[in-house]
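The chain contents come next:
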Amino acid sequence: MLINCVAYEEGRRLADVPASDIGSYLARPGCFVWVALRDATADELVQMQQQFGLHDLAIEDALHGHQRPKMEEFGDTLFVVLQTLELSPTDELNTGEVDVFVGPNFVLSVRNRSRHHLLGVRTRAEREPHMLKLGPGFVLYSVMDAVVDRYFPIVDALESELEIIESRIFDADSSARENVKRLYALKQRVTMVRHAVLPLLEAVGKLKGGRVPQVCVHSQEYYRDVADHLERIHGVLESLRETIATAIQVNLSMTTIAESEITKRLAAWAGVFAVATFMVGIWGMNFENMPELKQAWGYPAALALIIGACAAMWWRFRRAGWL
Amino acid sequence: MLINCVAYEEGRRLADVPASDIGSYLARPGCFVWVALRDATADELVQMQQQFGLHDLAIEDALHGHQRPKMEEFGDTLFVVLQTLELSPTDELNTGEVDVFVGPNFVLSVRNRSRHHLLGVRTRAEREPHMLKLGPGFVLYSVMDAVVDRYFPIVDALESELEIIESRIFDADSSARENVKRLYALKQRVTMVRHAVLPLLEAVGKLKGGRVPQVCVHSQEYYRDVADHLERIHGVLESLRETIATAIQVNLSMTTIAESEITKRLAAWAGVFAVATFMVGIWGMNFENMPELKQAWGYPAALALIIGACAAMWWRFRRAGWL
Amino acid sequence: MLINCVAYEEGRRLADVPASDIGSYLARPGCFVWVALRDATADELVQMQQQFGLHDLAIEDALHGHQRPKMEEFGDTLFVVLQTLELSPTDELNTGEVDVFVGPNFVLSVRNRSRHHLLGVRTRAEREPHMLKLGPGFVLYSVMDAVVDRYFPIVDALESELEIIESRIFDADSSARENVKRLYALKQRVTMVRHAVLPLLEAVGKLKGGRVPQVCVHSQEYYRDVADHLERIHGVLESLRETIATAIQVNLSMTTIAESEITKRLAAWAGVFAVATFMVGIWGMNFENMPELKQAWGYPAALALIIGACAAMWWRFRRAGWL
Amino acid sequence: MLINCVAYEEGRRLADVPASDIGSYLARPGCFVWVALRDATADELVQMQQQFGLHDLAIEDALHGHQRPKMEEFGDTLFVVLQTLELSPTDELNTGEVDVFVGPNFVLSVRNRSRHHLLGVRTRAEREPHMLKLGPGFVLYSVMDAVVDRYFPIVDALESELEIIESRIFDADSSARENVKRLYALKQRVTMVRHAVLPLLEAVGKLKGGRVPQVCVHSQEYYRDVADHLERIHGVLESLRETIATAIQVNLSMTTIAESEITKRLAAWAGVFAVATFMVGIWGMNFENMPELKQAWGYPAALALIIGACAAMWWRFRRAGWL
Amino acid sequence: MLINCVAYEEGRRLADVPASDIGSYLARPGCFVWVALRDATADELVQMQQQFGLHDLAIEDALHGHQRPKMEEFGDTLFVVLQTLELSPTDELNTGEVDVFVGPNFVLSVRNRSRHHLLGVRTRAEREPHMLKLGPGFVLYSVMDAVVDRYFPIVDALESELEIIESRIFDADSSARENVKRLYALKQRVTMVRHAVLPLLEAVGKLKGGRVPQVCVHSQEYYRDVADHLERIHGVLESLRETIATAIQVNLSMTTIAESEITKRLAAWAGVFAVATFMVGIWGMNFENMPELKQAWGYPAALALIIGACAAMWWRFRRAGWL
């Protein structure tokens, strides 16, 4: 679905262009066309391919949906694949995709399976004509920046979740089983975000320093800014991964420790009752010559003795920290 | 076994060529020969070696079967080893091998221990003469693409298996023993696929960018596409490896947690019966002066007391989550 | 908040300069201005941006606070982000930030969320005019050196904490639970310090050797000194990380070993009382023909026998190291 | 001990040369001398040093025996250290060493602590004069190839051992203790082989591509073949390492799972007998008013009740999979 | 403390030089001065700084003691920091430091906190005038070689300790607790040695190949020899680290396995006595109609039955390997 298609000159909006009319604007020097599609059909993509002379392999990737961010040069056209990340209302993490084709005088962005609106990107860019003058390379930066900025709240959510789990791990009343489950789910989310961030970081690295594609050459400082954001996210993700690994170990440690405490308690109570049972067993023996059995004070004394022995043991185990 | 041997000119099929007649076509400018062998014998390979002037070491590798994908240049000839992967009907993962020799005017592919048909590759290539015109380099791409495309369903199968095991791990009724077994088997499969993918990725990397062998110079964008596919597979494999390692740990955690719960239950029931046994022991003592023994209500009262004590304990353990 | 703003010439203090008057000093050859701000407002930063011609992206970073040390070149201006680390009186680890803009004839430092006084840096620098003559590049070094020097006591504190935990782990009386908690907290601190050190080390690496920004070219040996300090800290942090990981494992081992010892003790005592209870049970049987029951020595002999058996078992378990 | 010393010209054996006469052959153009020593004494080495002008440091290494493969250039002489690996009849893994000095017109190989015969190398090389014509560089390849080829059966043996241990781990009847022992021993062997392979791989890498020592320049494709073999071995070793680490974890998991099953069984039987013992305790109480005691059917009914209760519990535990 | 200060010419000892007279020898062409200090005071260092024109930062490092080996160039002077390692008589591992300043015509070595005598280095060097002729670069090599050679016995000691612990781990009678303690202590020592070796290896790497400091250019083969020694040590340390990590895991496995065996034994004996106690309980019941109680053979038969049942269980558990 075509969202909009606008021609720009000297950083200013020139006109809304019907898709069929793009060619005439491309021919105009100092002018570039910015087309935005959403969940584009094969037909729409083929039309764009003809307008902009895009490579078969790139169109194929845009059509099938790709699962990995990347940046590829085809002649003087740049093909960039970005992954969008969104938390659904039910707190699930969904990935979408934004494909951007950038040529010397055009930008074509295709958004798939994503509720992200990139409209804001265009509006903001149009408010800064002195920037937009930098051309398609700056538009690519704007799109990237918008996509990457939305990673931050997601990474924050992952960090909060980890903090909650951490406090649960050290809380003796929480369910260790539940903790493991949540850590495992968290780890999978971190992996998802990492798959969006890491290859992109690598790709953006090619847009600054060294040999830079022609269309990006005037926006290098901006790409460095995107790379810096991605580095920060990446740093957080690496910490999360390492901490999750440690947390799983720590949770296991806490379970083992808790089990060891229960074993001690079990041992202590088993000891107390073993002694008591043994003592009542003594006076249950049928020897004829057991003088204490015949005394009036025999029974209360026996009970007192049993209770005393048990209390002594209980007190001792208590002091040893077993009870 | 010779499958077929065809000469091409300007991207179009010229003629089926008998093996003995290859030389005359090689001499023709703008023409190349594409030979396909299956489970080739030493004799067949030696014949081909003479026709195409192949290096001893490469022929030796093709004959003995190699266990690692690679790409080697011998003069202006390229020798590429690919691994094929197939799931047998009994769900076992088998590896085969495709060796490709690519020269300026010939392609020789040798398929070993593999049920994969590469016929489709030739048919598809012949349907696109404008591509096939790129020469042997494009044929090599077509073969690689066909082999790599068949890795995807296998990687998908590994991912599904992991998802099944994951849901089992968190299902208290599943056998932890079985989970470990399946995780271990899955890990071994991942390792097998990784051994097919990783060295190939490295080899394909040499076919794009930097210094590229002459025969591949016009198909670089296509090799980049293969490299991209391999990167995606590699990304999935790395996630699988890491997740399997975590899953083994998590499974151990779940076992320890389950054992800890059983220990608690055991402790609770042992406690209840220890008390009951102790109490019946009291009234089994043979003291003469035990007034309750002589009362008509003694027996029912004792039973009531015992049941009451046990119920109280049961209720308490229940509340503590031990029962 | 402006702390101070001073112009220097030939390494000597020229004059305190009001912010509005900076421009005239910048124009003077052989002279540079050094401005220090604290928790700067947007207005202050915009004023400075106009005075020194700073880049929008750098100002934005300085305003929002960044969470990752870095070094970026904008034309001939260098933008450096440093993290300060401080132990609060309640022994918490807080991070602050120092942003430094360095141009050919100015230095602007902005300190945020930090109780660190950088005043000492200026005083010390002014005492060494032959060094200060090296210009803004040397000032940057002085600031860096001051920030990095304060990492050392923090790293020392982390090492001491680890030593304490280590001695606790091997002390049978300490709480394993507490050890895990402290190790986990220590690990998080190490991660925090690492996040301050590692990206800075990378950034400082660009200020020595290879291609060095113009303003730093005369102070390279000093940056190498900073890099050397960071390397030492980094070495310690890596050891800490590895040792903490090992310590968590070792603590788990010690818990498992302790549990295994308790299990042995439990087994031993359970054995002793099981035998005793069984023996009193024998003479509690109601067979008519049990001659020993009728003997006067029956009861004492039985008690002696029971005590003897228990003592024998106790002694045996003792020798086996179970009790 | 001198094994043999032969001069070659144009790839053909010229003559057996006494050690003292080497000099005259070295002077002859197009001719090279190939000397083989075994467990050489200091005197022999010094003699060779004088003949071939070898460097002190290399001779020192050859004398003391080195523990790490390497390749060093001393002027136009190459000094290569190889490790040989052999399984002793008692299945122990022993390492020996082969030191090779290669100059423009000589090869000197010194074999230490190794039962490997390198004679076969000479015989095979002499059968292929067109190869041997390549000179000392080819001889070095032949020796390397012979040493590396003997790594394969050893690596195969390690893989077989791992497969045996794997099947044991999942076999409930095997001794977990024995499995750990064997895994540990296997890991140590893998480390030994790795120490022979990894530095050699690095060294051989310098003999192909980039800047290659003069004497090896015509045999590059052969060194690449050796490197390829080493890569394959290295790939297998890496898999082994990773799999052993996983197997140790899995073995621990299996032990924990097995223990958990025993705990369940113990809990179940303890429960059954606790109930039975409690019940016989009831009718062992001495209350006068226990009507069932006086009935003729009392005893058999009690036994039936007890057996019934136990059977019901047994059946229930059975169904829960505890028994 | 000044140990000695000697001037050399053409590799031969010229004269012992008083510290104040160094200048005149430095001026003499083809002559160099070699000064050795021990635990130098600030004054001594400042005197040397003036004599040799050393850099402030290097002197500061030499004074404060550095904790990390490194190599830094200041103009044409080289500053090298080495760590010495010594086992104290009580088997503790102590680190000292040797700082070496190397200029075109001087060597200054400063030894701190070390009982190592470097005197031997000078004696040996003076015995080989043809080497000493290589100048200060060769002296640096001699010092390095002496320091590195003393790492070998320490690494050997670490390996022996690991072997002892390994045999203890698989010895069922050893204390698992002690094993963990020793492994942990060993790991810390390995880390200490690693901190001495790794940065030095990196530094020495700069003294061979590529761009080499002028003073070392004629001794490159000797530095490669030092690098080779360090590589060997490093290889051993890496193996130690990995093996220690595995050994900690294996020790935990052995503990778990041992506990599992004890649990089995406990379960078995508990079963035997539970049955016996239940049986004596039966005949302790007070039913009037228990005919066996009245028989003369009742008691012995009951005892026989009990013993028989227990023996049967014992035998069965024995066969199952539980007892």
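Please read these numbers as outputs of a predicted model, since none were measured by experiment. (Residues numbered from 1 in each chain as written. Chains lettered and ligands numbered in written order. Predicted model: local features only at pLDDT ≥ 70, side-chain atom pairs only at ≥ 80, totals over all residues. Heavy atoms only, no water.)

What follows concerns the interface of chain E and chain C. Of the residues lining the interface, 50 residues belong to chain E; the matching set on chain C comes to 47 residues. Here chain E meets chain C over a buried area of about 4,400 Å², counting both sides, of which 63% is carbon and sulfur. Looking at the side of chain E facing chain C, the largest losses of area belong to Arg177, Tyr184 and Tyr299 of chain E, adding up to 18% of the total buried there. Counting the contacts that link chain E with chain C gives six salt bridges. For the salt bridge of Asp228 of chain C with Arg68 of chain E, the shortest nitrogen-to-oxygen distance reads 3.9 Å. (Contact = heavy atoms within 4.5 Å. Buried area = accessible area lost by both parts, 1.4 Å probe. Salt bridge = Lys/Arg side-chain N within 4 Å of Asp/Glu carboxyl O.)

Here we take up the state of the cysteines. Here a disulfide denotes a covalent bond joining the sulfur atom of one cysteine to the sulfur atom of another. Across all of its chains, the model carries zero disulfides over all chains by this definition. With no disulfide partner, Cys5 of chain A has as its closest neighbouring cysteine sulfur the one in Cys31 of chain A, 11 Å distant. Cys216 of chain D carries a free sulfur, and the closest cysteine sulfur to it, the one in Cys31 of chain D, is 19 Å from it. The exposure class assigned to Cys216 of chain D is buried, which follows from its relative accessible area of 0%. (Disulfide = S-S within 2.5 Å. Buried < 20%, exposed > 50% of the residue type's maximum accessible area, 1.4 Å probe, protein only.)

Taken as a whole, helix 3 (residues 56-64) of chain C has its buried residues at Leu57, Ala58, Ile59, Asp61 and Ala62 of chain C. Residue Gly65 of chain C follows helix 3 of chain C closely and has a positive phi angle near 75°. (Helix = DSSP H or I, 4+ residues; strand = E, 2+ residues; numbered from the N terminus.)

Separated in space, chain C and chain D share no contact, their closest pair of C-alpha atoms being 9 Å apart. Between chain A and chain E there is no contact; the minimum C-alpha to C-alpha separation amounts to 9 Å.

Between chain E and chain D, the residue contacts involve 47 residues of the former and 50 residues of the latter. Here chain E and chain D share an interface that buries about 4,400 Å² over both sides, 63% of which is from carbon and sulfur atoms. Where chain E touches chain D, the interface holds six salt bridges. We note a salt bridge from Asp228 of chain E to Lys70 of chain D, for which the minimum N-O separation is 2.6 Å. Class assignment of the residues belonging to the side of chain E that touches chain D gives a composition of 20 nonpolar, 14 polar and 13 charged. (Nonpolar A, V, L, I, M, F, W, Y, C, P; charged D, E, K, R; others polar.)

Our next topic: the packing of helix 7 (residues 151-169) of chain B against helix 8 (residues 176-205) of chain B. All names here are of chain B. The N-to-C vectors of helix 7 and helix 8 enclose an angle of 155°; their axes lie 10 Å apart at closest approach. One element, helix 7, and the other, helix 8, form an angle in the roughly antiparallel class. Seen along the crossing, helix 7 lies across helix 8 with a hand that is left-handed. Contact residues: Tyr151, Ile154, Val155, Leu158, Glu161, Leu162, Ile164, Ile165, Arg168 and Ile169 in helix 7; Glu178, Asn179, Arg182, Leu183, Leu186, Arg189, Val190, Val193, Ala196, Val197 and Leu200 in helix 8. Class assignment of the residues belonging to the contact of helix 7 with helix 8 gives a composition of 15 nonpolar, one polar and five charged. (Axes fitted to C-alpha atoms, helices over the stretch in contact; angles between N-to-C directions. Parallel < 35°, antiparallel > 145°, perpendicular 65-115°, else oblique. Left-handed = near helix turned anticlockwise from the far one by under 90°.)

So, on to the relation of the copies chain E and chain C. Turning one copy of the chain about an axis and sliding it along that axis gives the other copy, so a rotation and a shift relate them. Relative to chain C, chain E is turned by 72° and slid 0.0 Å along the rotation axis, the superposed coordinates differing by an RMSD of 0.0 Å. On the angle and the small slide along the axis, the relation comes out as a five-fold axis. Within chain E, the C-alpha atom positioned nearest to the axis of rotation is that of Gly284 of chain E, 4.7 Å from it. (Least-squares fit on C-alpha atoms with pLDDT ≥ 70 in both.)

Pairs of aromatic rings are described using the distance from one ring centre to the other and the angle between the two planes. For the structure on display, the rule yields 70 aromatic pairs over all chains. Taking 6.0 Å as the distance between ring centres and 40° as the angle between the ring planes, the aromatic pair formed by Tyr8 of chain A and Trp34 of chain A counts as tilted. With Tyr8 of chain A in strand 1 (residues 2-9) and Trp34 of chain A in strand 3 (residues 31-38), this pair connects stretches of sequence that are 26 residues apart. Like Trp34 of chain A, Tyr8 of chain A is buried. Here the aromatic rings of Phe317 of chain E and Trp322 of chain E are separated by 5.9 Å at their centres, their planes lie at 25°, and the arrangement is stacked. Feature note: the residues Phe138, Tyr141, Tyr222 and Tyr223 of chain A constitute an aromatic cluster, connected by ring pairs. Across the ring face of Trp34 of chain C, the terminal group of Arg122 of chain C is positioned such that the distance to the ring centre comes to 4.3 Å. (Phe/Tyr/Trp six-rings, centres within 6.5 Å; stacked < 30°, edge-to-face > 60°. Lys NZ or Arg CZ within 6 Å of the ring centre and 35° of its normal.)

Residue and element names in this part refer to chain A. Across chain A, the average pLDDT comes to 90, with 99% of residues at or above 70. The weakest mean pLDDT in chain A belongs to helix 4 (residues 119-127) at 87; the strongest belongs to helix 7 (residues 151-169) at 94. Scoring the predicted complex yields pTM 0.87 and, for the interface, ipTM 0.83. (pLDDT = per-residue confidence, 0-100.)

This next bit is on the environment of Tyr25 of chain B. Residue and element names in this part refer to chain B. Residue placement: Tyr25 occurs in helix 1 (residues 22-27). Of the residues examined, Tyr25 reaches a relative accessible area of 16% and is grouped as buried. On a C-alpha basis, the gap between Tyr25 and Thr191 in space is 43 Å, while along the polypeptide they are 166 residues apart. Those residues in contact with Tyr25, other than ones at most four positions away along the chain, are Ala7, Leu14, Ala15, Val17, Cys31 and Val33.

This next bit is on a nonpolar patch on the surface. Residue and element names in this part refer to chain A. Among the surface-exposed residues, Met1, Ile3 and Leu119 lie close enough to one another that they form a single nonpolar patch of about 260 Å² accessible area. With respect to the helices and strands, the residue Ile3 is situated in strand 1. Residue classification places Ile3 among the partly exposed positions, given a relative accessible area of 33%. (Patch = residues over 30% accessible without salt bridge, like charges linked within 9 Å, V, L, I, M, F, W, Y side chains within 5 Å. Areas by Shrake-Rupley, 256 points an atom, 1.4 Å probe, with all protein chains shown as cover.)

What follows concerns unusual backbone geometry. In this structure, Arg113 of chain A takes a positive phi of about 45° despite not being glycine. Counting through the fold element by element, Arg113 of chain A comes out in the loop between strand 7 (106-112) and helix 4. Phi angles above zero are rare outside glycine, and Asp91 of chain C is one such case at about 70°. With respect to the element layout, Asp91 of chain C can be found in the loop between strand 5 (77-87) and strand 6 (93-103). Taking relative accessible area as the criterion, Asp91 of chain C reaches 46% and is therefore assigned partly exposed.

Residues and elements named next belong to chain E. Looking at the secondary structure, you find Leu37 in strand 3 (residues 31-38). Since its relative accessible area comes to 2%, Leu37 is described here as buried. Every residue in contact with Leu37, bar those within four places of it in the chain, is listed here: Met1, Leu2, Ile3, Leu45, Met48, Leu108, Ser109, Val110 and Arg111.

This brings us to the packing of helix 2 (residues 42-52) of chain B against helix 3 (residues 56-64) of chain B. Residues and elements named next belong to chain B. In contact at an axis separation of 10 Å, helix 2 and helix 3 are set at 155° when each is read in the N-to-C sense. With respect to helix 3, the element helix 2 is oriented roughly antiparallel. For helix 2 against helix 3, the interelement crossing comes out right-handed. Contacts between helix 2 and helix 3 involve Ala42, Leu45 and Gln49 on the former and, on the latter, Asp56, Ile59, Ala62 and Leu63. The residue makeup of the contact of helix 2 with helix 3, split by class, is five nonpolar, one polar and one charged.

The next point concerns the pattern of salt bridges. Tallied over the full model, the rule gives 80 salt bridges over all chains. We note a salt bridge from Arg13 of chain A to Asp16 of chain A, for which the minimum N-O separation is 2.9 Å. Because the salt bridges share partners, they merge into one network encompassing Asp61, Arg68, Lys70 and Glu72 of chain A together with Asp228 and Glu231 of chain B.

Turning our eyes to something else, we now look at the sheet that holds strand 3 (residues 31-38) of chain B. All names here are of chain B. Across the sheet, seven strands lie side by side as 2-1-3-7-6-5-4; this open sheet has mixed pairing. Edge positions in the sheet fall to strand 2 (12-16) and strand 4 (70-74), since each of these pairs with one other strand and no more. Within this sheet the neighbouring strands show an average axis-to-axis angle of 20°, counted without direction. Two strands pair when backbone bridges link them, and strand 3 and strand 7 (residues 106-112) are joined in this way by six bridges, in the parallel orientation. (Pairing = 2+ DSSP bridges.)

The subject of this paragraph is a positive patch on the surface. Together, Arg265 and Arg318 of chain A together with Arg316 and Arg319 of chain B give the surface a local cluster of positive charge. Counting through the fold element by element, Arg265 of chain A comes out in helix 9 (residues 220-283). Exposure remark for Arg265 of chain A: the relative accessible area of 41% places this residue in the partly exposed category. (Lys, Arg positive; Asp, Glu negative; His and termini not counted. Charge placed at Lys NZ, Arg CZ, Asp CG, Glu CD.)

Moving on, we get to the pairing of strand 5 (residues 77-87) of chain E. All names here are of chain E. With ten of its eleven residues buried, strand 5 lies for the most part within the structure. Two strands pair when backbone bridges link them, and strand 4 (residues 70-74) and strand 5 are joined in this way by five bridges, in the antiparallel orientation. Following the sheet pairing, Lys70 is matched in strand 5 by Val81. Direction of pairing for strand 5 relative to strand 6 (residues 93-103): antiparallel, over a ladder of ten bridges.

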